[in-house]
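# A structural walkthrough
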Amino acid sequence: MNKYERLKTELQTAGTGRMKAFGSSMLPILKSGSLLTFEKATEYEIGDIVFCKVRGRYIDAHKIVKRDTNKGFLIANNHGFENGWTKIIFGRVVTGEFDNRIIYKRG
């Protein structure tokens, strides 16, 4: 089981889970190697950083930038690159830690 499947299962069963995310697509909000805590929610909002699936691919920490009644949620990184629309969101980031410090906390 890969880290995405593990997190997906944790969110479905416990409603919360943790995973490290790597890459520079969410700078300066999140740094590569940040330990993220995710929570499942009943509603998601524009600005939420989410774990989802877009076109069959897991996206572990990108933002909701638009909502549409028919299409769902438009997912993008913090530099304007759009991954695409999805209706499949597993959870959102509530805290991000780097070097044992909280660098992100959902407001």
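Rules and cut-offs
Residues numbered from 1 in each chain as written. Predicted model: local features only at pLDDT ≥ 70, side-chain atom pairs only at ≥ 80, totals over all residues. Heavy atoms only, no water. Core = buried A, V, L, I, M, F, W, Y, C linked by side-chain atoms within 4.5 Å. Buried < 20%, exposed > 50% of the residue type's maximum accessible area, 1.4 Å probe, protein only. Helix = DSSP H or I, 4+ residues; strand = E, 2+ residues; numbered from the N terminus. Contact = heavy atoms within 4.5 Å. UniProt positions renumbered as here; feature names shortened; annotations may be inferred. Phe/Tyr/Trp six-rings, centres within 6.5 Å; stacked < 30°, edge-to-face > 60°. Polar contact = N/O pair within 3.5 Å; in protein donor to acceptor, adjacent residues only side chain to side chain.

As recorded in an unreviewed UniProt entry, the chain goes by the name S24 family peptidase, listed as coming from Chitinophaga filiformis.

## Notes on the nonpolar core
Within the largest apolar cluster, 15 residues are counted, with the highest numbers of intra-cluster contacts made by L30, L36, F38, I49 and F51. Broken down by secondary-structure element, the contributors of at least two residues to this core are α1 (3-13), β1 (16-21), β2 (34-39), β3 (49-54), β4 (57-68) and β7 (89-98). Leaving out residues up to four positions away in the same chain, I49 has contacts with M26, I29, L30, A61, H62, K63, G91, R92, V93 and Y104. With 10 residues, the next largest nonpolar core counts Y44, I64, I75 and I89 among its residues.

## Thoughts on the UniProt feature "domain: Peptidase S24/S26A/S26B/S26C" (unreviewed entry) in the chain
Per the UniProt record, "domain: Peptidase S24/S26A/S26B/S26C" (unreviewed entry) is annotated on residues 19-83. A distance of 20 Å separates the end C-alpha atoms of residues 19-83, which is 0% helix and 52% strand.

## Some thoughts on the packing of aromatic side chains
Counted by the stated rule, this structure contains 7 aromatic pairs. Aromatic pair F51 and F90: ring centres 5.0 Å apart, planes at 45°, arrangement tilted. Here F51 is found in strand β3, whereas its partner F90 is found in strand β7, with 39 residues between them in sequence. Taking the relative accessible area as the measure of exposure, F51 reaches 0% and is therefore buried. Residue F90 is classed as buried on the basis of its relative accessible area of 10%. Through a chain of ring-to-ring contacts, three or more aromatic side chains come together here, namely Y4, F38, F51, Y58 and F90.

## What about α1?
Structural remark: α-helix, 3.6 residues per turn; residues separated by three or four positions point the same way. For α1, the N-terminal capping position is held by N2, with its side-chain oxygen 3.0 Å away from the main-chain nitrogen of Y4. Just beyond α1, the residue with positive phi is G15, at close to 85°.

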